[in-house]
Amino acid sequence: MTPTATAARRTLFTPPLPEPRFPYNPGSMLSVLDLSVQGVSRLLARAAELERMDPLVRDRILLKRRLALLFYESSTRTRTSFELAAKALGADTTLVSNLSSSIEKGESLKDTGLTLRALGAEAIILRHNSSGAAWLLEASTRLPVINAGDGMHEHPTQALLDLRTLLAHLRPGVEGVDEKTLSGVTVAIVGDILHSRVARSNMLLLPRLGARVLLCGPVQLLPDLAAHAAAGVAIERNFDAALGQSQAVMMLRIQAERLSGLQLDLDEYKASYQLTGQRLAAHAPAALVMHPGPIIRGMEITAGVADGVQSAILEQVTNGVAIRMAVIERALKHENGGRP
Ligand code: ASP
């Protein structure tokens, strides 16, 4: 075959990779920092629109577009809501998990990504145990990559659905945001901050909208340096004092899978940092209680609080579908011709 014919064949079967230029794909969402405040606002408004839309109209938006969900860690909420969101827009989805694929045989992230691309995937939703994995996948495939949690680093769509939940309660009726929307609001994030990608994405997002974030936890799970993570973020180690200043409290699970030998006295931890009904009534009787899940009842939160009237935990789950519809649409449509 002549070199030209070889090139033509290659073009026919594998779309050429665009120029290596970072960011490689304007549809990707690797970090909450990929979005400007206006970009966040547009996504929130679009999520609301998509949620209200007639399902039979909505499912034509991404009809037969192909999305791969690539999950190297277990997931209930994130995986299901991404899948339902994609299907609500008419897209076809396929799930590849580390437990039932060639990943078990040692295939690399890069090769798995290129394989999915060769099979026709137009975007990949990735959950991975290594921080930075989503960047690597985007660089290798140049496809839009949506970070569904990378190690201890970020979980941008969780922060966006948390924001939607906060707004519904603290700024009812507000669908868009600007730099002042959450002025005067303090959000406490409590527990295993060190290992939490949810904490990281929230502390990178909420202060940009005017909120103050108070991090609260023992030094083993919240090193002093964390206070310098972003402007508008501070540490308050006393849980009761943090609650007393907060309009919302996000409780976090201790990430047992990431502790790497760290020893914690759990009775001591519960005495200082468990959210109990008594503590909530005494220090934050009107605060919104949030948790990204999975909740470990009786550890970071009591069953009474998780099921109580202040809890927005299941609303967070529901909001995940609307937010992820907007994020998936953005990934496949590139309407802005670049990252907003
Ligand atoms: N579901 C969240 C995450 O994937 C929080 C957690 O696992 O504790 O990061």
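Look a little higher up for the structure.
What you see as residue numbers is a count from 1 along each chain, following the sequence as written. Given that this is a predicted model, residues contribute local features only at a pLDDT of at least 70 and side-chain atom pairs are listed and counted only at 80 or more, while totals for whole chains, interfaces and linings are drawn from all residues. The basis for every side-chain value is the complete set of heavy atoms in the structure, and neither hydrogens nor water enter the calculation.

Draft legend 1. Main features of the nonpolar core. Residues Ile125, Leu160, Leu163, Ile189, Leu206 and Ile328 are the most contacted members of the largest nonpolar core, which totals 62 residues. In this description a helix means any DSSP run of H or I spanning at least four residues, a strand means any run of E spanning at least two, and both kinds are numbered starting from the N terminus. A total of 8 residues in this core trace back to one element, the largest contributor, which is helix 13 (residues 313-333). Here, two residues are considered to be in contact whenever any of their heavy atoms come within 4.5 Å of each other. Apart from the residues lying within four places of it in its own chain, the contact partners of leucine 206 are Leu163, Leu166, Leu182, Val187, Ala211, Val213 and Met250. Within this scheme, the nonpolar core is defined by two criteria: the residues are buried Ala, Val, Leu, Ile, Met, Phe, Trp, Tyr or Cys, and they are joined through side-chain atoms within 4.5 Å. Burial status follows relative accessibility: with a 1.4 Å probe on protein chains alone, a residue under 20% of its type maximum counts as buried, one over 50% as exposed, and anything between as partly exposed.

Draft legend 2. Expanded view of the pairing of strand 8 (residues 248-251). Neither face of strand 8 is exposed, since Ala248 and Met250 on one face and Val249 and Met251 on the opposite face are all buried. Sheet topology places strand 5 (residues 186-190) next to strand 8; 4 bridges connect them, and they run parallel. Note that in strand 8 the partner of valine 187 across the bridge is alanine 248. Only when DSSP finds a minimum of two bridges between them are two strands counted as paired. Pairing of strand 8 with strand 9 (residues 288-290) involves 3 bridges; the strand directions are parallel. Across the sheet, the residue bridging to methionine 250 is methionine 290, located in strand 9.

Draft legend 3. Main features of the side chain of glutamate 300. With respect to the helices and strands, the residue glutamate 300 is situated in the loop between strand 9 and helix 12 (303-306). Residues counted as positive are Lys and Arg, residues counted as negative are Asp and Glu, and His and the chain ends are not counted. Counted as salt bridges are all cases of a side-chain nitrogen of Lys or Arg within 4 Å of a carboxyl oxygen of Asp or Glu. In this structure, glutamate 300 is buried with no salt-bridge partner, the nearest side chain bearing the opposite charge being arginine 253 at 6.6 Å. A distance of 2.7 Å separates polar atoms of two side chains, one belonging to glutamate 300 and the other to histidine 291. The definition of a polar contact used here is a pair of N or O atoms within 3.5 Å, where within protein one atom must be able to donate a hydrogen and the other to accept one, and adjacent residues in sequence count solely through side-chain atom pairs.

Draft legend 4. Quick look at the sheet that holds strand 6 (residues 212-216). Read from one edge of the open sheet, 5 strands run 7-6-5-8-9, paired in parallel fashion. For this open sheet the edge positions go to strand 7 (233-235) and strand 9, each flanked by a neighbour on one side alone. Adjacent strand axes in the sheet meet at a mean angle of 20°, parallel and antiparallel pairs treated alike. Here an axis means a line fitted to C-alpha atoms, over the contact stretch when the element is a helix, while the angle between two N-to-C directions is reported on a 0 to 180 degree scale.

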